[in-house]
Amino acid sequence: MVDVRPAPIDLLVIGAGPAGARAALRAQSCGLEVLLVDENGDAGGQVWRPLPPGFKRAAGVPHSAEALQGDALRAELGRSGIQCLFGHKVWNVGSSLRTDLIGPEGVASWQPRALLVATGTTERVVPFAGWTLPGVIGLAAATILLKSQNMLPGRRTVVAGSGPLLLAVANGILKAGGEVTAVLDLASRGDWLQTLPSLASRPDLLWQGAQWQARLRRAGVPMLYRHGIASVEAGGKGFRVHAQQVDKTGMPVPGAASPIFEADAVAVGHGLVPGTDVTRLLRARHRYEASRGGWIADADPQGRTSVAGLYVAGDGAGIAGAAAAGIHGELAAVACAHDLGRLSAEAHTRERDRLLAQWHKPARFGRAMAGLMALREGTVASIASDTVVCRCEDVTRAEIDAAAREGARDMNQLKAWTRCGMGPCQGRTCGDVAAAVLAVHVGSREAVGCFTGRAPLRPVSLAEVAGNYTYADIPIPKAAPL
Amino acid sequence: MKKSSTSPAPSLRADQAVRRGPAMQILVDGCPVDAFEGESVAAALFAAGRRELRRSPRDHAPRGMFCLMGSCQECLVWIEARKLPACQVPAAAGMEIETLGFREQRLG
Amino acid sequence: MSVNLRASAPYDAIVIGGGVMGCSTALHLAQGGMRVALVDRGPLCREASGVNAGTLTLHMTRAALVPYAMRAWQMWMESEKWLGMGVLATHVPGLTLAFTEAECELVELRAKARREYGAPIEVISAARAREIEPGVHPGLLKAGYCDIDGFASAYLTGRAFRHALAAAGVDVIENTPVEGIDSGDAGHVVRFGGAAGREALQARRVVLAGGVWIENMLAWLGVQIPIKVLINQLIITERVRPLMRTVLSVANGLLSLKQFANGTVLIGGGWQGDGDRERGGVEARPQNLVGNMRLAAYAVPALAEARIARIWLGLEAETADAMPIIGDVPGVPQAYVVGSAHSGYTSGPFMGRIMAQHILGQQPELPLFDPARLLGMPMPGN
């Protein structure tokens, strides 16, 4: 990794989802030399996940709009001749934007003139008793399992949480021949109705939503609004899922009936959290915006961050949905082209204004969905003391509360005192919820901050970084004083 | 649709919209497991009924795949001397997989 | 922790800098009967003292500091007693490894130099070293062995000291940057940054315990002594199966390696990253990460498969002659400075104790390190 590739790259794009792929295509058309990197085997990100290698779409079967969009994007990328490094993980980025990758052949570093981070989001699951049991998976995880791996989470699945993925997963399960034991939605029917105006420009989605509702009704699937999961326990043929009625903050309603569902799988998710690993590592300025998913890089509408040459686009820059993500990617690409002197000011202004005008409607819809997925304070408040919050290190809510009472005031102090965030997932799974728990004590999310960004961005082994060497190859600086 | 040799239940695989890669077998902790070429190792294990993949460090609680996108690190397994998230590894015929606990016991 | 605002009455001492040296000094002063405030611009022990490798070794301590490190080792091993809360201090033997002829000579030299100061270090054969540490590289030629060795979990230090300081009645003032010190005959006035919104505090005595920032603090008092800033890279792995039973170093001084009870392995050795006093540690240097990892994976080959969980940087202070600065601030009455010792964490609790002894008017258990010697001493070229 010490020898940096000589090929001059103008723009390195991390993430080949809707935002990154569109950004790469746009940047190329502006004459930039682009390198597109993604840890997955092909482009598409989460929302347009490719099929596993060797799988083919069945002929004579109608495929979803998403599947077709993803295939079209991959085909376009293929035709474009853009250099793509799939199956490569970014494990470090230096302050010069030097990007260190690990791929099938080992480590390699690239030094682009600009870097676009389009790494999307990770899923948030608010802990409850039993959430770590094998067979309990995320909602976005269930989406990946269904759409990409073409596999059911179980024969009888409880689908729970919040946001548009609920109906998508429930219907995906029915389509795949499985049973949905129940759908538990933290939102109310009214919450959903409030998103209708944002759907005005998307009659297709309105239609799809109505179809999905109808299918669930026909299949007799109980649809429980304002309900969450109180606990999941192993039992019977799989799980006993204890549902609970909640108020609009997600707080359990005392005295309400608690239906119990028997299932062999649970798919649960409480929204998406923008991935800020790279921007935090590079010490870009961030701000907290609950309506966009939480902490995001402080960026202008085109994705320019506080670090020169560093851009963000897509849901990772603030949740606005897949359709908006592509346009955002293009906005970042033209900004970068202009900033690198490859696009005139007039052409840039023209393109920027045109793209911004296009961006607003899909973003409005995406934001409405983000609102449904936003973290509710009641769900955080109702996490029981003995529930594990940090899965990697088995850190419970009680330990977080104890650290706070003893004086831990920010996430890094919390980490030092409890090990929360020190495990292999590097705080991606627990960070948002742990911060919400600490913020109750300290006063605000801004005050508790984030875990300090550190390399590696994804775990790499010593062997992968060290490569092949002899003792003589080790560059020894001068020995320590006697 | 091949029935998995290690799971008594009907398959979780859904073939309505897809033609899978060829059926084959992978080795998990020394035992053959039915799988399909290209599907993720995590999915293959899940479909074979092997939902528990490891134990948590302090409480020794059973854990399995969770996020399916290579983030949570719950589905870690050893594949050819590398510790990897199973959800990010496409299964190949004859692939040798060891769960964390099994390998730790083997190496003593 | 909030402080009574009847703090208009002067303190007997204000310690500026809440790392292990400052915390230990403050604690011992309070236990000696003084009314003490301890101030830090951040939380306690979150700079070097909270992010170092936690190595409690004599192998890599400067020979002349061995007597100090041995006493500090005892204190760390008993930390639960005098702090009320431990730092998981673990006693295991330490091996310093030689893989080349040149390193064999170094091992002999370093062992001899340390023995002269009382360290029980013997040079042993590779075969014997392998009995003690089976996982070591088969190409090992020789090793230095010391039974008095071990490690602590540095990140627990702040929490542990907080308890002890509170119990001793020290006023702990965190997250409050000091802006300057006005010194006079009656004592000192410690002024805080405007944003802190806090009135100045008065004290008869002031103790500068700011690690790499001692240079800035001395400047507040009009004293110029350069302090070099080292930017040390640290690497921690995920939990791995038991691979090591000792603390390992290499004769060239550039590796520290230990495995904690939870299975994680901490790799250090002073490989340099980029950063400075103003910004802190900024980023690791790739070639130095590679070098450090190669050395670690060479010393214990089974480590090669371990995955790295996190890489971070810590600032270490060094004076012009690489010895600590502990004693009276030259030319400023009732002002003291303690710190800037290579491997300061290892010796820190004891350094704080002798600083306090001196301030309390007692004979320190071991000699201090006169700051005046550093006046005008040029910092060696890099």
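The numbers attached to residues start from 1 for each chain and follow its sequence in the written order. Chains carry letters from A onward and ligands carry numbers from 1 onward, assigned in written order. Local features in this predicted model are restricted to residues whose pLDDT is 70 or higher, and side-chain atom pairs enter the listing and the counts only when it is 80 or higher, whereas totals over whole chains, interfaces and linings include all residues. Excluded from the side-chain calculation are hydrogens and water; included are all heavy atoms of the structure.

A. Broad picture of the overall build of chain B. Here a strand is any run of E in DSSP of at least two residues, a helix any run of H or I of at least four, and the numbering for each starts at the N terminus. Across its full length, chain B holds two helices and eight strands. Walking chain B from its N terminus toward its C terminus, one meets helices and strands in the order β-β-β-α-β-β-β-β-β-α. Atoms counted for the radius of gyration: C-alpha only. Globule rule: 2.2 Å times the number of residues to the power 0.38. Its C-alpha atoms give chain B a radius of gyration of 14 Å, within 12% of the compact-globule value 13 Å for 108 residues. If one aligns the C-alpha atoms of chain B with their principal axes, the spans along those axes are about 40 × 25 × 25 Å. Across the 108 residues in chain B, those meeting the buried criterion constitute 56%. Sequence-distant contacts in chain B: of pairs separated by 6 or more residues, those separated by 24 or more amount to 41%. For the accessible areas, the method is Shrake-Rupley and the probe is 1.4 Å, while residue cover comes only from the protein chains on display. Total accessible area computed for chain B in this model is approximately 4,400 Å², and 55% of it derives from carbon and sulfur atoms. Note that His is not counted, nor are the chain ends; the positive residues are Lys and Arg, and the negative ones are Asp and Glu. We put the charge of a Lys on NZ, of an Arg on CZ, of an Asp on CG and of a Glu on CD. Positive and negative side-chain charges in chain B, numbering 15 and 12 respectively, have mean positions lying 3 Å apart. Exposure categories follow from relative accessible area, calculated using a 1.4 Å probe and restricted to protein chains: below 20% of the type maximum is buried, above 50% is exposed, and the middle band is partly exposed. The contact rule is simple, with two residues in contact once any of their heavy atoms fall within 4.5 Å.

B. Spatial organisation of the overall build of chain C. Summing up its helical and strand segments, chain C has ten helices and 20 strands in all. The globule rule puts the C-alpha radius of gyration for 382 residues at 21 Å, and the 21 Å found for chain C is close to it. With respect to the three principal axes, the spread of C-alpha positions in chain C is 65 × 40 × 40 Å. Taking contacts inside chain C between residues at least 6 apart in sequence as the whole, the part at least 24 apart equals 72%. Summed over all atoms, the accessible surface of chain C reaches about 13,400 Å², with 52% contributed by carbon and sulfur. Computing the positive centroid from 33 side-chain charges and the negative centroid from 34, chain C places the two 4 Å apart.

C. Seen up close, the interface of chain A and chain B. Contact residues are listed per partner, giving 55 residues for chain A and 42 residues for chain B. For the pair chain A and chain B, the two sides together bury roughly 3,900 Å², of which 54% comes from carbon and sulfur. A 1.4 Å probe defines the accessible area here, and the buried area is the portion of it lost by two parts on being joined, summed over both. Broken down residue by residue, the surface that chain A buries against chain B is led by P134, M151 and D394 of chain A, which jointly contribute 16%. What makes a salt bridge here is a side-chain nitrogen of Lys or Arg within 4 Å of a carboxyl oxygen of Asp or Glu, nothing more. Scanning the region where chain A abuts chain B turns up four salt bridges. Between E464 of chain A and R82 of chain B there is a salt bridge; the shortest N-O distance is 2.4 Å.

D. Broad picture of the packing of aromatic side chains. All names here are of chain C. To pair, rings of Phe, Tyr and Trp, with the six-membered ring standing in for Trp, must have centres within 6.5 Å; the planes then decide the type, stacked if under 30 degrees apart, edge-to-face if over 60, and tilted in the middle. Evaluated as defined, the whole model comprises ten aromatic pairs over all chains. Seen in terms of ring centroids, Y68 and F369 are 5.1 Å apart; in terms of plane orientation they differ by 50°. Their pairing is tilted. With Y68 in helix α3 (residues 66-77) and F369 in the segment after α10 (344-359), this residue pair connects regions lying 301 residues apart in the sequence. Each member of the pair, Y68 as well as F369, carries the same accessibility label: buried. Taken together, a centroid distance of 5.0 Å and an interplanar angle of 90° make the contact between F99 and Y298 edge-to-face. Pair noted here: F99 is in the loop between β4 (94-98) and α5 (101-115) and Y298 is in helix α9 (residues 286-299), with a separation of 199 residues, a long-range link.

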